[in-house]
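What the coordinates show
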Amino acid sequence: MLVRDLGDLGDLIRRRRTRLKLSQTELADRVGGTRQWVSRVENGKHEVSTSRLFAVLDALGLNLEIRPPRTSQPSLGIDVGVKTILPTEVLSALAQSAQSTTPGNDPAPSSSWLLIESARRLLEARDAAQENPDAQP
């Protein structure tokens, strides 16, 4: 989930807490807060210190991942990594092709979508290799 503000953060915390079947009081006890504090955080009404945020994330079994913002073409969801592989002109052509294809009428994925998916897989493999350079291919 992309967290852009305190409201998004509170929503994420609430959804994860309820998925784990924890009450606000139980979460508060785990992080050294009060039920009221958890309620305010979940409603985006309270700023959270960094140390308390890490305690909440730890209690909920979540990790914090920070990365550059995505620049995308909304209809395709192409992230910045794909743009580094494919030139803008190619992306524009892919976008036009993908928009002109109606998925409901064609049972096979369009070549545009296959190309985009292949680029995403290449990026994932590259990122995994960079994170763990000693791993076997």
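This text follows the structure it describes.
**Regarding the layout of surface pockets**
Estimated volume of the largest pocket: approximately 660 Å³. When residues of the lining of the largest pocket are traced back to their parent elements, those giving at least two are α1 (6-19) and α4 (50-59). Among the residues making up the lining of the largest pocket, the classes are represented as 12 nonpolar, one polar and three charged.

**A few points about the packing of helix α2 (residues 24-31) against helix α3 (residues 35-42)**
The contact between α2 and α3 brings their axes to 8 Å, and the two run at 105°. Taken together, α2 and α3 sit at an angle that is classed as roughly perpendicular. Facing Q24, T25, L27, A28 and V31 of α2, the residues of α3 in contact are R35, W37, V38, S39 and E42. Of the residues contributing to the contact of α2 with α3, the split by class is five nonpolar, three polar and two charged.

**Structural notes on the side chain of Q24**
Structurally, the position occupied by Q24 is in helix α2. Judged by its relative accessible area of 16%, Q24 is buried. Within the structure, the side chain of Q24 is placed 2.8 Å from the side chain of E42, a separation counted as a polar contact. Discounting residues that sit within four places of it in the chain, Q24 has contacts with R17, R35, V38, S39 and E42.

**Points about the packing of aromatic side chains**
Taken as a whole, this structure holds zero aromatic pairs when the rule is applied. Directly above the aromatic system of W37 lies the positively charged group of R52, at a separation of 4.6 Å from the ring centroid.

**Quick notes on the pattern of salt bridges**
The tally for this structure, following the rule as stated, stands at five salt bridges. Within the structure, one salt-bridge network assembled from shared partners comprises D11, R14, R15, R17 and E42.

**Quick notes on the environment of L62**
Mapping L62 onto the fold places it in the loop between α4 and α5 (80-85). Overall, L62 belongs to the partly exposed group, its relative accessible area being 22%. For the pair L62 and R16, spaced 46 residues apart in sequence, the C-alpha separation works out to 8.7 Å. Not counting residues up to four positions away in its chain, the partners in contact with L62 are L12, R16 and L57.

**Section: the nonpolar core**
With 14 residues, the main nonpolar core has I13, L27, V31, W37, V38, V56 and L60 as its most contacted residues. If one sorts the elements of this core by residue count, α4 sits on top with four residues. Setting aside residues up to four positions removed in sequence, L60 forms contacts with I13, R16, R17, L20, L22 and L27.

The rules behind these values
- Residues numbered from 1 in each chain as written.
- Predicted model: local features only at pLDDT ≥ 70, side-chain atom pairs only at ≥ 80, totals over all residues.
- Heavy atoms only, no water.
- 1 Å grid on protein atoms, 1.4 Å probe; cavity = no way out; pocket = protein on both sides within 12 Å on 5 of 7 lines; lining within 4 Å.
- Points joined across faces, edges and corners; volume = space filled by probe spheres on them.
- Helix = DSSP H or I, 4+ residues; strand = E, 2+ residues; numbered from the N terminus.
- Nonpolar A, V, L, I, M, F, W, Y, C, P; charged D, E, K, R; others polar.
- Axes fitted to C-alpha atoms, helices over the stretch in contact; angles between N-to-C directions.
- Parallel < 35°, antiparallel > 145°, perpendicular 65-115°, else oblique.
- Contact = heavy atoms within 4.5 Å.
- Buried < 20%, exposed > 50% of the residue type's maximum accessible area, 1.4 Å probe, protein only.
- Polar contact = N/O pair within 3.5 Å; in protein donor to acceptor, adjacent residues only side chain to side chain.
- Phe/Tyr/Trp six-rings, centres within 6.5 Å; stacked < 30°, edge-to-face > 60°.
- Lys NZ or Arg CZ within 6 Å of the ring centre and 35° of its normal.
- Salt bridge = Lys/Arg side-chain N within 4 Å of Asp/Glu carboxyl O.
- Core = buried A, V, L, I, M, F, W, Y, C linked by side-chain atoms within 4.5 Å.

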